[in-house]
Amino acid sequence: MRIVVKLGTSTLTHESGRINIRRIEALCKILSDIKNAGHELVLVSSGAIGLGVGKLNLKEKPEDMPTKQAAAAIGQCELMYLYDKKFLEYNHIVAQILLTGADFENETSSSNIKNTINRLLELNVMPVINENDSIVTDEISVGDNDTLAAIVAKQADADLLIVLSDIDGLYTADPRKDKRARLIPMVEEITPEVEALAGDPGTKFGSGGMLTKIAAARIAVTQGIPMALINGSRKNCLQFLNSPELGEEMSGPGKPEDPEEPGAWGTLFLAKAHPLGSRKGWLAFSTRCAGSLQVDQDAAEAILERGKSLLPSGITGVRGNFSRGAVLEVTFEGRTI
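Residues numbered from 1 in each chain as written. Predicted model: local features only at pLDDT ≥ 70, side-chain atom pairs only at ≥ 80, totals over all residues. Heavy atoms only, no water.

1. With respect to the overall build of the protein
Item 1. Of the regular secondary structure elements, the protein holds 12 helices and 12 strands.
Item 2. For the protein, the proportion of its 337 residues judged to be buried stands at 50%.
Item 3. Summed over its atoms, the accessible surface of the protein is roughly 17,000 Å², and 50% of this surface lies on carbon and sulfur atoms. (Helix = DSSP H or I, 4+ residues; strand = E, 2+ residues; numbered from the N terminus. Buried < 20%, exposed > 50% of the residue type's maximum accessible area, 1.4 Å probe, protein only. Areas by Shrake-Rupley, 256 points an atom, 1.4 Å probe, with all protein chains shown as cover.)

Structural data, given as structure tokens:
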């Protein structure tokens, strides 16, 4: 099984922003064991800015771009040093890949990313992927590493995406504020009601929140990849990956072996039965729209109900400056269709 594991800043660091050494050691140990069992692993790791902030003794994540980039440059060195050191103790080699949103938008570079990941896995090397925060700007940013992990999962043709965070999974309400909140073990479809369950935007050192995790789940499941959202601070958080019946367990939420670890499995977002093709998935999730075309009702119905192409006669308005090959939104009555 090919698995993409996303490690969040809150999983890798203490509340102070300093590295959580014991947790990283525990995660590297179990991930190495999972790899020894025959699974292929790709890591998408946050934490560069958070580690840089901690090393610079800043009280919180900076707001200005130059300081963010400086913190990322400092933190990325420490992050990869730790991964290289800890995984090497278990005879596993890691490789760093730093990406920006612009790398996915071009079909050639997007294909090169896929080829690099595949070749590293063929060489029994574990890719460690992060957004290149030391140079990234809002214009070329993926946005957050939850989204990056979902896009990477498709690029890697993964069988499963695991997002480790500081919460047990998706709840009916924010469990830190509402004691009546209940864990949702399985989400069969991401509806507006599910999206409405998202709470605050995350920790002071991280960039993600439940909203980004639900958005990542939508990207993954739409492309045929189930996503598990799990609390990375629990000691048995990845124990289910050692189960010989892993494929069967993915059809429903598992049960933690340790009774003192309730909810260790978290929330499983089920993959759609009929996923998007690779090109449609790339267009939908890995590119930015350069403009939009407004269409009339006949054109909207032809596209949505009969799968027809858009003809010039159905276009009622154009927005944006673009050229041949650009990605555009098609809208009807103000709604993207």
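2. Brief notes about the nonpolar core
Item 1. Within the largest apolar cluster, 42 residues are counted, with the highest numbers of intra-cluster contacts made by Ile117, Ile129, Val152, Leu161, Met227 and Phe269.
Item 2. Listed by contribution, the elements that provide at least two residues to this core are strand 2 (40-45), strand 3 (93-99), helix 6 (107-122), strand 4 (125-131), helix 7 (145-155), strand 5 (160-165), helix 9 (210-222) and strand 7 (227-231).
Item 3. No other element matches the seven residues that helix 9 contributes to this core.
Item 4. When sequence neighbours within four positions are dropped, the list of residues in contact with Ile129 reads Val42, Leu43, Val44, Ser45, Ile97, Leu99, Ile117, Leu148 and Val152.
Item 5. Core analysis: the next-biggest nonpolar cluster, separate from the first, contains 33 residues, Ile34, Ala228, Cys237 and Leu241 among them. (Core = buried A, V, L, I, M, F, W, Y, C linked by side-chain atoms within 4.5 Å. Contact = heavy atoms within 4.5 Å.)

3. Observations regarding the environment of Leu56
Item 1. The topology assignment puts Leu56 in the loop between helix 3 (48-55) and helix 4 (65-88).
Item 2. With relative accessibility at 39%, the residue Leu56 sits in the partly exposed group.
Item 3. Between the C-alpha atoms of Leu56 and Ile74, which are 18 residues apart in sequence, the distance is 8.7 Å.
Item 4. In contact with Leu56, other than residues within four places in its own chain, are Ala71 and Ile74.

4. Considering a nonpolar patch on the surface
Item 1. A surface patch of nonpolar side chains, amounting to about 200 Å² of accessible area, comprises Leu56, Leu58 and Ile74.
Item 2. Assignment of secondary structure puts Leu58 in the loop between helix 3 and helix 4.
Item 3. Look at Leu58 and you get partly exposed, because its relative accessible area is 31%. (Patch = residues over 30% accessible without salt bridge, like charges linked within 9 Å, V, L, I, M, F, W, Y side chains within 5 Å. Salt bridge = Lys/Arg side-chain N within 4 Å of Asp/Glu carboxyl O.)

5. A look at the confidence of the model for the protein
Item 1. In this model, the protein carries an average pLDDT of 83, and 87% of its residues clear a pLDDT of 70 or more.
Item 2. Within the model, the stretch residues 203-207 combines pLDDT values under 50 with 20 contacts to residues more than four positions away or in other chains.
Item 3. Low pLDDT, under 50, characterises residues 251-264; the predicted model gives this stretch 28 contacts beyond four residues in sequence or across chains. (pLDDT = per-residue confidence, 0-100.)

6. Remarks on the environment of Thr13
Item 1. As for its placement among the helices and strands, Thr13 is situated in the loop between helix 1 (9-12) and helix 2 (21-36).
Item 2. Measuring from C-alpha to C-alpha, the distance between Thr13 and Arg23 comes to 8.5 Å, with 10 residues separating the pair along the chain.
Item 3. Here the side chain of Thr13 touches Thr9 through a polar contact of 2.8 Å, landing on its backbone oxygen. (Polar contact = N/O pair within 3.5 Å; in protein donor to acceptor, adjacent residues only side chain to side chain.)

7. Considerations on the sheet that holds strand 12 (residues 335-336)
What links the strands of a sheet is backbone hydrogen bonding, and the strands pair in either a parallel or an antiparallel sense.
Item 1. What the four strands build is an open sheet, ordered 10-9-11-12; its pairing is mixed. Both outer strands of the open sheet, strand 10 (315-319) and strand 12, are each paired with one neighbouring strand and no more.
Item 2. Two elements, strand 11 (residues 328-332) and strand 12, share two bridges in a ladder whose sense is antiparallel. Note that in strand 12 the partner of Thr331 across the bridge is Thr336. (Pairing = 2+ DSSP bridges.)

8. Some thoughts on the pattern of salt bridges
Side-chain pairing between opposite charges can occur once the charged atoms of the two side chains come close.
Item 1. A complete count under the given rule lists 11 salt bridges for this structure.
Item 2. Lys6 is the salt-bridge partner of Asp146, the closest N and O atoms lying 2.9 Å from each other. In this pair, Asp146 sits in helix 7 while Lys6 sits in strand 1 (residues 2-7), placing the two residues 140 residues apart along the sequence.
Item 3. Of the charged contacts, one joins Glu89 and Lys86 as a salt bridge, the two residues approaching to 3.9 Å between their closest N and O atoms.

9. A word on the side chain of Asn20
Item 1. Summarising the element assignment, Asn20 is placed in the loop between helix 1 and helix 2.
Item 2. For Asn20, the side chain forms a polar contact with the main-chain nitrogen of Arg23, separated by 3.2 Å.
Item 3. Those residues in contact with Asn20, other than ones at most four positions away along the chain, are Leu12, Thr13 and His14.

10. Things to note about the sheet that holds strand 6 (residues 186-187)
Item 1. The strand order across the open sheet built from eight strands is 3-4-2-1-5-7-8-6, with neighbouring strands paired in mixed fashion. The sheet terminates laterally at strand 3 and strand 6, the two strands that pair on one side only.
Item 2. In terms of strand pairing, strand 7 meets strand 8 (residues 267-269) through three bridges, oriented antiparallel. In the strand pairing of strand 8, Leu229 is matched with Thr267.

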